[in-house]
Amino acid sequence: MTETLTEPRPLSFEEALQKYDPVLGFEVHVELNTATKMFSSAPNAFGDEPNTNVNEVCLGLPGTLPVVNGKAVESAIKLGLALNCSIAEYCRFARKQYFYPDTPKNWQTSQYDEPIAFDGYVDVELDDGEIFRVEIERAHMEEDAGKLTHAGTSGRIQGADYSLVDYNRSGVPLIEIVTKPITGAGERAPQIARAYVSAVRDIVKALDISDARMERGNVRCDANVSLMPKGASAFGTRSETKNVNSMRAVEHAVHFEIRRHAGILEAGGSIVQETRHWQETSRTTTSGRPKSDADDYRYFPEPDLVPVTTTAEWIEALRAELPEPPAERRRRLREAWAYSDAEFRDVVAAGLLDQIEETVESGASAAAARKWWMGEISRLANARETEPAALGVEPATIVELNGLIDEGRINDKIARQVLEHHLDGEGGPAEIVQKRGLEVVSDGGALTAAVEKAMAENPDVVEKVAAGKLKAIGALIGPVMKETRGQADAGKVREIVLQKLGIQG
Amino acid sequence: MTTTLSGLIRLTAAQMAVKLRAGEITSVELTQAHLDRIAAVDSTLNAFLHVSAEEALQTAAEVDAIRAAGGTDAEALHRLAGVPIAVKDLIVTKGQPTTAGSKMLEGWMSPYDATVVQKLREARLPILGKTNLDEFAMGSSTEHSAFCVTRNPWDTSRIPGGSGGGSAAAVAAFEAPLALGTDTGGSIRQPGAVTGTVGTKPTYGSVSRYGAIAMASSLDQIGPVARTVEDAALLHELIGGYDPKDSTSLHQEVPAFSTHAAAHDVTGLRIGVIKQLQGEGYQTGVLARFQESLEALRAAGAQIVDVDCPSFDYALGAYYLIMPSEASSNLARYDGVRYGSRVLPEEGPLTMERVMGATRAAGFGEEVKRRIILGTYALSAGYYDAYYGSAQKIRTLIQRDFDAAFEAADVLISPTAPTVAFPLGAKLDDPLAMYLNDVATIPANLAGVPGISVPGGLSEGLPVGIQFLAPSKQDARVYHAGGALEKLLNDDSGVPLWAQVPEVEEAAQ
C-alpha cells in the first residue's frame with residue numbers, strides 16, 4: 001500500500017493556514033427516493049433482505065436493456081433548478097467501464113460530458129451568518145452500485161476470506177453534484193465544507209427527492225483538498241477523501257487534510273494524487289488507491305438509451321413546483337416565531353421545523369408548538385425509540401390539547417397524560433379527558449373539601465401563609481393534588497386558601 | 001392436393017396455418033413432423049443446439065384443444081398459432097437453455113423471456129428449440145460456435161452463413177418452417193442468401209431487442225427467417241411493435257407486411273442499383289444472377305436507376321470499429337461472478353481479478369477475444385476520437401448516402417453476399433476475408449434501415465441472395481419488392497428455389 005510510516009507530522013491548522021491557501025472541491029452523491037430504480041422497475045428500498053429488490057435488469061443479466069426512470073429525471077431537473085443550474089435541452093448517458101463485482105454489467109451507467117444540469121451555485125450560511133457562494137460545475141444522473149461485504153480481518157477485498165454482494169442498491173438512482181474549485185475559503189474551509197454539505201442536504205430534503213439520511217448513505221460526500229502556497233494561483237495536487245458520511249466528519253476531514261498536506265509540503269515532499277479513507281475514531285484519513293486523471297474508463301455514449309430531452313415548458317412546470325429555498329425559509333420562520341438563536345438552532349437540529357410550522361399554521365402559538373414538539377413529544381419519541389415526526393402526532397391534536405389547557409379544563413401535567421393516552425389509541429384529547437374523567441377539579445364542593453383537609457393537616461404552612469408568606473401556598477397544592485388525583489386547578493386552590501384566610505390575593 | 005405427414009414440413013408457414021385453421025391437420029401432427037425431421041437430419045446438419053420436444057408438443061396440444069373447443073377462444077387464436085418455430089440461441093427463453101453459442105453461458109437458464117419469445121408464446125407457436133450460431137453472433141459462417149459446426153443443406157461440406165447459420169439451415173432443411181434470427185451486420189440476410197431462404201433485418205427499433213443478448217447495441221436487430229417472403233412478413237407482423245422495455249423501440253403501428261408481400265406489382269417502382277455494392281470482390285455467378293433479377297424486375301415494369309453511395313466504401317471499416325467497441329462493453333458482464341461458467345486460475349492466488357481473467361480466457365473463443373481486444377483499444381483514452389469517433393462520422397455519412405439514394409429510388413438492390421456458400425474452414429484462418437462477406441449487408445445496420453434477402457437463383461448449384469433495402473420505417477417496401485422478385489423467379493423456373501434443396505442424408509435410425 002502507499003501508506004508510509006515516514007509521512008511527516010501534520011502541521012497545526014493555524015500554521016498550515018499561515019503558509020497555504022486551501023482549495024476545496026466536493027462531489028456529493030444524492031440517492032433519490034423514487035419508487036423504482038434508475039433504469040429498471042425493481043423497487044428502490046433500503047434495509048431489505050439482500051438481493052430481494054432486484055430484477056433481471058439491475059442484475060445485468062444477458063439480453064436486458066435499461067429504461068430511464070422519468071421520475072428520477074424530474075428529480076434531477078428540480079435539484080438542478082434549486083442549485084441555480086442551467087438545464088440541458090439534450091443530454092445522454094454514457095458507460096463508465098471498469099471491472100468490479102458490485103457493478104453487475106461491469107460498467108456504471110452515468111453521464112459523462114453531457115450532464116443534465118450545469119453552471120449553478122449555492123449560497124451557504126456560515127456560523128457568523130455570513131453567506132459564502134459555492135459554484136456548482138454540474139449535477140448529473142447515474143446509478144448506484146451494489147454493496148460488498150468483505151469477510152475476514154482486512155475488511156477490504158484484498159485479503160478477504162470471501163466477499164458477499166447485495167445488489168439491492170444496484171441501480172438505485174443517484175445524482176452527483178460536483179462543485180467548481182472553491183478558493184478563498186482560508187481558515188473557514190472546514191466550516192464551509194460542513195455548511196455546503198448541510199445546505200445540499202437541506203435542499204434535497206426540501207425538494208423531497210431523497211430521504212437525505214447521511215447515516216444511511218442517502219447523501220455521501222467526497223471531499224477534495226489541495227493546498228497552494230499563499231498568494232500562488234496554480235492549484236496543488238489534490239487528495240480525495242471518499243464517502244465522508246456526516247456533516248461533522250466532512251468538517252474534520254477537510255481540517256485534517258489541510259494539516260496533512262501542509263506537513264508533507266513543509267517537509268519538502270509532494271502530495272500523492274489518491275483517494276483517502278476517513279477514519280472516524282482517529283479523525284484522520286488513510287491512503288486508498290492512487291488516482292490519476294488518466295484513469296481510463298473507456299467512456300462512450302450508452303447505445304441502449306435514447307437521449308434525454310427537455311422542453312422549456314417542462315422545466316418551467318417543475319420550477320413552479322419548487323419549494324421555498326431552505327435557507328430563506330429558515331430566515332422567515334426565525335423572524336416570525338421570535339425564538340432565540342439557541343431555541344431556533346435546537347429546533348433545526350431536531351429536524352422539527354416542518355412539524356412546528358404546521359402546528360403554528362393549525363392555530364397554536366409558536367411558543368406552545370415549540371414546547372410540545374421539543375418537550376413532551378420528543379420525550380415520548382425517545383422513550384418509544386422513534387423520531388418525533390414518526391410518532392404520528394397531528395398538529396390538530398396539539399392545538400386541541402392546548403385549547404383544553406387554555407380553557408382551564410386540564411393542566412399541563414394532565415395534558416401530557418392525555419397525549420400519551422392519545423398515542424395509545426384512546427381517541428382525541430377531549431374524548432380522553434371526558435372518558436377518563438380527567439377534567440380539572442375546580443368546583444366549590446370537592447375542591448374546597450380537599451383544601452380544607454390539606455389546611456387541617458398542615459397547620460404550620462397555614463400559619464406561614466397567614467403571616468403573609470404567600471409562596472408557602474405551594475406546599476398546600478401538593479396534598480390537594482394528591483387528594484384530587486392531580487386534577488385540581490392550582491390557581492383555584494390558591495384562591496380558596498386565600499379566601500379562607502381572608503387575605504386579598 | 002393431399003399432404004402426407006412427412007410432406008407437411010414442405011409446406012410454407014402460411015399454408016400450414018391454413019390447414020390448421022381448416023382442421024385438416026393438428027398442431028401436434030405438424031410439430032411432431034418437424035421433430036421427426038430434426039431427429040432424422042440434425043445429426044448431419046447441427047442446426048439445433050437444443051430441441052425442446054416436450055414443450056413444443058405441449059403448446060401444440062393446447063392450440064389443438066382450443067381449436068377443437070371452438071368458440072371465441074378458437075377465433076381469437078393468432079393466424080400462426082400452432083405453426084412451429086425455431087429460435088436463435090442468442091435470444092433468451094425461460095425453461096430452455098440460452099448459450100449464445102458460447103462456453104461462457106453453457107448451462108445457463110434465463111429467468112425471463114425475451115419480448116419476442118413472449119409474443120411467440122402468447123400467439124402459441126410451438127418453440128422447437130434453439131439454433132446454433134457463431135459465438136455471441138460473431139462470425140459469418142457459424143463455425144465460431146463453441147459447440148458444433150452447422151452445415152449447409154445445399155452442400156453439407158459448406159457453411160450455412162452466419163451468425164444465424166442454425167436458423168437458416170433449419171428452415172432450409174424443413175426442420176422448422178419459421179425461425180427467429182438476429183442481424184448486426186448481416187447475420188439474418190447472409191445466411192438467408194447462402195441457404196436459399198428469406199431473411200429480414202427490420203428497421204432498427206421496430207422489433208424489441210429486449211432479451212436478445214447484445215453484441216453491438218446500436219446495430220443489433222431481431223428479425224424473421226423463413227422460406228417465403230410472405231412467411232417472413234407474417235412472422236415480422238407478430239414480433240414487431242413498440243416495447244416499453246426497450247427504450248430504442250419505435251412508437252409505430254405494425255403494418256400488414258404480408259399484404260405488401262403479396263402485392264407483386266412493381267410497375268413504376270423505382271429500384272436503385274448501388275454502384276458500390278457490385279463488381280470487384282463479387283463472384284461472377286453471383287453478379288450474373290443479380291443481373292437476371294434486375295432484368296426480370298425491369299421487364300415487370302420496374303424502373304431501374306443507378307445510385308451512388310460513396311461512403312459505403314468505408315462501411316466495413318466503420319463497422320469493425322463500432323461493433324467491437326460496443327461488443328467489448330456488452331460482453332464485460334461475463335466474468336464468472338454471477339452466472340455462467342467460472343474458471344479458477346490453475347496456479348497462483350485466487351483473487352477476484354485472476355478468477356475473472358481465467359474465466360474470460362477459458363470461456364470466450366478466439367473471434368470473441370479478437371473483437372473484445374479491438375473494441376477495448378478503440379475506446380481507450382487517446383484513441384477514442386480517431387477510432388470510435390471517426391467511425392461514428394462515417395456512419396452519419398452513410399446515413400446521408402442512403403437519404404440521397406432514397407430520393408432517387410423507392411428501394412435499393414444489391415447482391416446480399418459477394419459469394420455463394422464457401423467450404424467449411426476456407427476462411428477460418430483469415431478474419432479479414434471472413435469479414436468481407438458482410439460488405440453488402442453492413443450499411444443497412446449502420447444506417448438502421450430495413451433489408452431483406454430473397455433467393456435469386458443458383459450459381460454452381462448453390463443459392464445466391466438478392467438484397468432489397470428501404471428507408472427507415474418503410475419495411476413494407478422490402479416485402480413488396482422481395483415478394484415481387486420471388487414471384488417473378490418462381491414463375492420463371494416453375495418451382496421455388498427452396499423446394500429444390502437436395503435431400504439431406506438422413507442419419508441411420
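**Student:** In this structure, what is going on with the overall build of chain B? I would like to understand it.
**Tutor:** Along chain B, the regular secondary structure elements total 17 helices and eleven strands. Taken against the 2.2 N^0.38 rule, which gives 23 Å for 509 residues, the C-alpha radius of gyration of chain B at 22 Å falls within 12% of a compact globule. Considering only C-alpha atoms, chain B reaches an extent of 70 × 50 × 45 Å along its principal axes. Looking at chain B as a whole, 60% of its 509 residues qualify as buried. Within chain B, residue pairs in contact and separated by at least 24 positions form 76% of the contacts whose partners lie at least 6 positions apart.

**Student:** Explain the overall build of chain A to me, please; I cannot follow it from the model alone.
**Tutor:** A tally of regular secondary structure across chain A gives 16 helices and 16 strands. A compact globule built from 505 residues should have a C-alpha radius of gyration of about 23 Å, whereas chain A, at 30 Å, is more than 25% larger. Along the three orthogonal principal directions, the C-alpha set of chain A runs to about 95 × 55 × 50 Å. The buried share of chain A, reckoned over its 505 residues, is 40%.

**Student:** Can you help me understand the sheet that holds strand β5 (residues 198-201) of chain B in this one?
**Tutor:** Sheet strands pair via backbone hydrogen bonds, and the direction of the pair is either parallel or antiparallel. All names here are of chain B. Strand order in this open sheet of eleven strands is β1-β3-β2-β4-β6-β5-β10-β11-β9-β7-β8, and the pairing throughout is mixed. Every interior strand has two partners, whereas the edge strands, β1 (48-51) and β8 (303-307), have only one. Sheet twist, expressed as the mean angle between neighbouring strand axes with direction ignored, is 30°. With two bridges joining them, β5 and strand β6 (residues 221-226) adopt antiparallel strand pairing. Within the sheet, the bridge partner assigned to Val 198 lies in β6 and is Ala 226.

**Student:** Just checking my understanding: could you explain the packing of helix α8 (residues 229-239) of chain B against helix α17 (residues 475-493) of chain B for this structure?
**Tutor:** For any two helices packed against each other, the geometry is given by the interaxial angle and the distance between the axes. Residues and elements named next belong to chain B. Orientation of α8 relative to α17, taken along the N-to-C sense of each, is 155°, at an axis distance of 9 Å. Between α8 and α17, the angle is such that the two are roughly antiparallel. Between α8, through Val 229, Glu 230 and Ala 233, and α17, the contact on the second element is made entirely by Tyr 479, Gly 482, Gly 483 and Glu 486.

**Student:** Can you help me understand helix α12 (residues 429-436) of chain A in this one?
**Tutor:** Note: α-helices contain 3.6 residues per turn, so residues at a spacing of three or four share the same orientation. Residues and elements named next belong to chain A. Those residues of α12 that sit buried are Pro 429, Ile 432 and Val 433. Projection of α12 onto a plane perpendicular to its axis shows the buried side chains occupying an angular sector of 100°, all on one side. Tucked into the core, α12 has its buried residues touching α10 (395-406) and α11 (412-423).

**Student:** What should I look at first to understand the interface of chain B and chain A in this one?
**Tutor:** Interface size is commonly expressed as the accessible surface area that is lost when the partners come together. Listed as interface residues are 33 residues of chain B and, on the opposing side, 25 residues of chain A. Counting residues per element, the ones that place at least two in the side of chain B that touches chain A are α11 (315-330) and α12 (352-363) of chain B.

**Student:** Honestly, the domain arrangement of chain B in this entry has me stumped. Any pointers?
**Tutor:** Residue and element names in this part refer to chain B. What the domain assignment reports for chain B is domain 1 (7-309 + 404-451 + 464-500) and domain 2 (319-403). Put simply, the middle of domain 1 and the middle of domain 2, counted by C-alpha atoms, are 27 Å apart. With 31 residues of domain 1 in contact, the opposing surface of domain 2 contributes 26 residues. Mapped onto the side of domain 1 that touches domain 2, the elements with two or more residues apiece are α14 (385-408), α15 (431-435) and α16 (442-447). When grouped by side-chain class, the residues that make up the side of domain 1 that touches domain 2 number 21 nonpolar, seven polar and three charged.

**Student:** Explain the domain arrangement of chain A here, please?
**Tutor:** Segmenting chain A into domains produces domain 1 (13-293 + 305-313), domain 2 (326-436) and domain 3 (444-501). On a C-alpha basis, the centroid separation for the pair domain 1 of chain A and domain 3 of chain A is 65 Å.

**Student:** Is there a simple way to explain the environment of Arg 209 of chain B in this structure?
**Tutor:** Relative to the helices and strands, Arg 209 of chain B is located in the loop between β5 and β6. Considered as a pair, Arg 209 of chain B and Thr 182 of chain B are 27 residues apart in the sequence and their alpha carbons are 9.2 Å apart. Look past the residues within four positions of Arg 209 of chain B in its chain and what remains in contact with it is Leu 65 of chain A together with Asp 220, Ile 222 and Asp 246 of chain B.

**Student:** What is the right way to look at helix α16 (residues 490-501) of chain A in this model?
**Tutor:** All names here are of chain A. Taking 1.5 Å of rise per residue, the twelve residues of α16 would be expected to cover 16 Å, and the 17 Å separating its terminal C-alpha atoms lies within 8% of that figure. Three or more residues of α16 are buried, namely Val 493, Ile 496 and Val 497. Seen end-on, α16 carries its buried residues on one side only, within an arc spanning 100°. One or two residues past the end of α16 sits Gly 502, with phi positive at roughly 70°.

**Student:** Teacher, can you tell me more about the pairing of strand β2 (residues 85-88) of chain B here?
**Tutor:** Each regular strand displays side chains that alternate between the two surfaces of the sheet. Residue and element names in this part refer to chain B. Residues Ile 85 and Val 87 line one face of β2 and the alternating positions Ala 86 and Lys 88 line the opposite face, and both faces are buried. With four bridges joining them, β2 and strand β3 (residues 127-131) adopt parallel strand pairing. Across the sheet, the residue bridging to Ala 86 is Gly 129, located in β3. Regarding topology, helix α5 (residues 115-122) serves as the crossover connection from β2 to the parallel β3, and that connection is right-handed. Direction of pairing for β2 relative to strand β4 (residues 178-183): parallel, over a ladder of two bridges. From the neighbouring strand, Ala 86 faces β4, where its bridge partner is Ala 179.

**Student:** Before we go on, may I ask you to explain the packing of helix α15 (residues 474-483) of chain A against α16 of chain A in this structure?
**Tutor:** All names here are of chain A. Running from N to C, α15 and α16 cross one another at 115°; their axes reach a closest spacing of 10 Å. The handedness of the crossing between α15 and α16 is right-handed. Facing Leu 476, Ile 477 and Val 480 of α15, the residues of α16 in contact are Ala 490, Val 493 and Val 497. Residue classes in the contact of α15 with α16 are distributed as six nonpolar, no polar and no charged.

**Student:** In this structure, what is going on with unusual backbone geometry? I would like to understand it.
**Tutor:** Leaving glycine out, the prevailing phi sign among residues is negative, and the prevailing peptide bond configuration is trans. Geometrically, the link from Gly 162 of chain B to Ser 163 of chain B is a cis peptide bond, its omega value of 5° lying close to zero. Position of Ser 163 of chain B among the secondary structure elements: in the loop between β3 and α6 (165-172). For Asn 243 of chain A, which is not glycine, the phi dihedral falls at a positive 50°. Here Asn 243 of chain A is to be found in strand β12 (residues 239-244).

**Student:** Would you take a moment to explain the environment of Ser 141 of chain B for this structure?
**Tutor:** Residues and elements named next belong to chain B. Along the polypeptide, Ser 141 turns up in the loop between β3 and α6. The class for Ser 141 is buried, based on 29 C-beta atoms found within 10 Å. Separated by 130 residues in the primary sequence, Ser 141 and Leu 11 place their C-alpha atoms 27 Å from one another.

**Student:** Mind showing me how you'd approach the pairing of strand β10 (residues 451-459) of chain B here?
**Tutor:** All names here are of chain B. Of all nine residues in β10, seven are buried; the element is thus mostly enclosed. The sheet contact formed by β5 and β10 spans three bridges and is antiparallel. Counted as the bridge partner of Thr 200 is Ile 452 from β10. For β10 and strand β11 (residues 462-469), the ladder comprises seven bridges, and the chain directions are antiparallel. What sits directly across from Leu 458, in β11, is Pro 463. Linkage of β10 to β11, two consecutive antiparallel strands, is achieved through a turn of two residues, within which Glu 460 is found at a positive phi near 55°.

**Student:** Explain the environment of Pro 190 of chain A here, please?
**Tutor:** The residue Pro 190 of chain A is located in helix α3 (residues 189-207) in this model. Between the C-alpha atoms of Pro 190 of chain A and Ala 249 of chain A, which are 59 residues apart in sequence, the distance is 9.8 Å.

Rules used in this analysis
Residues numbered from 1 in each chain as written. Chains lettered and ligands numbered in written order. Predicted model: local features only at pLDDT ≥ 70, side-chain atom pairs only at ≥ 80, totals over all residues. Helix = DSSP H or I, 4+ residues; strand = E, 2+ residues; numbered from the N terminus. Rg over C-alpha atoms; globule rule 2.2 N^0.38 Å. Buried ≥ 20, exposed ≤ 12 C-beta atoms within 10 Å, placed from the backbone. Contact = placed C-beta atoms within 7 Å. Pairing = 2+ DSSP bridges. Axes fitted to C-alpha atoms, helices over the stretch in contact; angles between N-to-C directions. Parallel < 35°, antiparallel > 145°, perpendicular 65-115°, else oblique. Arc of directions from axis to C-beta. Domains from an automatic or database assignment. Nonpolar A, V, L, I, M, F, W, Y, C, P; charged D, E, K, R; others polar. Expected span 1.5 Å × (residues − 1). Right-handed = clockwise from strand over helix to strand, strands pointing away. Left-handed = near helix turned anticlockwise from the far one by under 90°.

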